[in-house]
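# A look at the structure
Read off the chains here:
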Amino acid sequence: MIRTFDAMEDLVGIFRRGERRDGADLPRDREFAFLSEAEAARLRTFVREAFAERGIEVTVEPGRVTTDSGWRFGLSNLAAVCHKDDRGPRGWRKLVDEHVDRVIRSMAGPQALRVLPHERLLAQLYPRFIPSDPALLKAFGYGPRSVPDLLEVLALDLPETVDMLTADSLSDLGEITDLRDRAMRNLRAVRADKHKVVRDKDGSRFDVLTGGSYFIASLALVLDEVVRRYTKDSPAPHGILVALPHRHQLAFHVVGDRDVFPSLHAMARFAAAGFEESPGALSRSVFWWHGGRFTRLATQDDAGLHIELTQEAMDLAARFADG
């Protein structure tokens, strides 16, 4: 069933986190702005204690922890999961314990590439986006540059984790082009758990797909098929607006008439909201998919509602200015 929401207020209420439980006037944490300094300090204490109780000493930094053996684990996803939890900080220790247990199992367990049959590995292979970072290019820069500022990598969908595969780890698995073809076949079977249509009185309208799969955002790689699947429409010759706030979400708007203007602005606000406070954050930008290529159109900056439009965005707007 498709639900339609008729105001941006509905959008914010559904896709953004709840109101700050500790009050907006308290100092915010520099690493996780959706937490206060006190909340973030409590979370980091929980993380240190959880590792210590399991016999592992860690150094806790603002955004990550490092074990004495050199393993590093980011805290962004855990912080977002805790912030989202309806129980508030009283439920965080359980979430931290569960997260740390999964991390330790991934450290101690055998690597999937060494123990799983080849065909099973191929059946669990998917393309996944991660934010581009110069430090990651050597290990994860092997994929096509499909979406600006994102790296497309191959990942194994395992029962408890999703393992991103480095260029070195792929060498014994097969040719990268063949592996990506198989991953794309697997991706086409991924389905969203929810499909919502968001509308507002300013004329904006866009579709949102969400799901527990780590590869919902990856569906942008088969965007034309996704649009037909969920809207029964064929992509218009003017292309599609698309946003990938985080790994569990994909938003799109088929460009057809003047409603592209309010929809672009609404999607930029939507992308910024999802990017800031969600696990697996990817991009706060809105892109234009046209001719199989992604071009960045707009990004909401940190100052608020101001949106910097690229030249491509202005060119697209000009097509409908007199329509």
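Everything below is about the structure shown above.
Residues numbered from 1 in each chain as written. Predicted model: local features only at pLDDT ≥ 70, side-chain atom pairs only at ≥ 80, totals over all residues. Heavy atoms only, no water.

What follows covers the overall build of the protein chain. Looking only at helices and strands, the protein chain has 12 helices and 14 strands in total. Put simply, the protein chain has 323 residues, and 48% of those count as buried. Carbon together with sulfur atoms contributes 49% to the accessible area of the protein chain, which is approximately 16,300 Å² in total. (Helix = DSSP H or I, 4+ residues; strand = E, 2+ residues; numbered from the N terminus. Buried < 20%, exposed > 50% of the residue type's maximum accessible area, 1.4 Å probe, protein only. Areas by Shrake-Rupley, 256 points an atom, 1.4 Å probe, with all protein chains shown as cover.)

What follows covers empty space enclosed by the protein. Going through the model one piece at a time under the given rule, you end up with 1 cavity of 30 Å³ or more. By volume, the largest cavity amounts to about 50 Å³. Taken together, Val47, Phe51, Val65, Phe73, Gly74, Leu75, Leu78, His99, Val100 and Val103 make up the lining of the largest cavity. Listed by contribution, the elements that provide at least two residues to the lining of the largest cavity are α2 (37-53), β4 (72-74) and α4 (92-108). Per-element tally for the lining of the largest cavity: the top contributor is α4, with 3 residues. The residue makeup of the lining of the largest cavity, split by class, is 8 nonpolar, 2 polar and no charged. (1 Å grid on protein atoms, 1.4 Å probe; cavity = no way out; pocket = protein on both sides within 12 Å on 5 of 7 lines; lining within 4 Å. Points joined across faces, edges and corners; volume = space filled by probe spheres on them. Nonpolar A, V, L, I, M, F, W, Y, C, P; charged D, E, K, R; others polar.)

Okay, helix α11 (residues 260-277) next. Its 18 residues place the ends of α11 26 Å apart at the C-alpha level, agreeing with the 26 Å of an ideal helix rising 1.5 Å per residue. Of all the 18 residues making up α11, 13 are buried; the element is thus mostly covered by neighbouring parts of the structure. (Expected span 1.5 Å × (residues − 1).)

This brings us to the sheet that holds β4. Here 3 strands make up an open sheet; going across it, the order is β2-β3-β4 and the pairing antiparallel. Every other strand in the sheet has two partners, leaving β2 (58-60) and β4 as the edge strands with one partner each. Adjacent strand axes in the sheet meet at a mean angle of 20°, parallel and antiparallel pairs treated alike. Summarising the sheet, β2 and strand β3 (residues 64-67) pair through 3 bridges and their orientation is antiparallel. Residue Val58 lies in a different strand from β3, and its bridge partner there is Thr67. This element, α2, spans β2 and β3 of the sheet and lies at about 175° to β2. (Pairing = 2+ DSSP bridges. Axes fitted to C-alpha atoms, helices over the stretch in contact; angles between N-to-C directions. Contact = heavy atoms within 4.5 Å.)

Take the environment of Pro89 next. On the secondary structure map, Pro89 appears in the loop between α3 (76-84) and α4. A sequence separation of 46 residues divides Pro89 from Leu43, and the C-alpha atoms of the two residues are 8.3 Å apart. Beyond its immediate chain neighbours, meaning those up to four positions away, Pro89 contacts Glu39, Arg42 and Phe46.

Moving on: helix α10 (residues 223-231). Among the residues of α10, Leu223, Val226, Val227, Tyr230 and Thr231 are the ones counted as buried. One face of α10 carries all of its buried residues, which in axial projection span an arc of 100°. Turning to α10, the residues buried within the fold contact β8 (194-199), β9 (205-210), β10 (240-243), β11 (249-254) and β12 (285-290). (Arc of directions from axis to C-beta.)

Turning to the sheet that holds strand β7 (residues 162-164), a few remarks are in order. Strands sit in the order β5-β6-β7 across an open sheet of 3 strands; the sheet is antiparallel. The open sheet terminates on both sides in strands that have one partner only, identified here as β5 (125-131) and β7. Averaged over all neighbouring strand pairs, the angle between strand axes comes to 45°, with direction disregarded. Here β5 pairs with strand β6 (residues 150-157) via 7 bridges, running antiparallel. By the bridge assignment for β6, Pro131 is matched with Leu150.

This paragraph deals with the packing of aromatic side chains. In total, this model carries 3 aromatic pairs according to the counting rule given. Here Phe32 and Phe34 contribute two aromatic rings whose centre-to-centre distance is 6.1 Å and whose plane-to-plane angle is 35°, an arrangement assigned as tilted. Comparing Phe32 with Phe34, the two get one shared label, buried. Positioned over the ring face of Tyr214 is Arg247, at 4.0 Å from the centre of the ring. (Phe/Tyr/Trp six-rings, centres within 6.5 Å; stacked < 30°, edge-to-face > 60°. Lys NZ or Arg CZ within 6 Å of the ring centre and 35° of its normal.)

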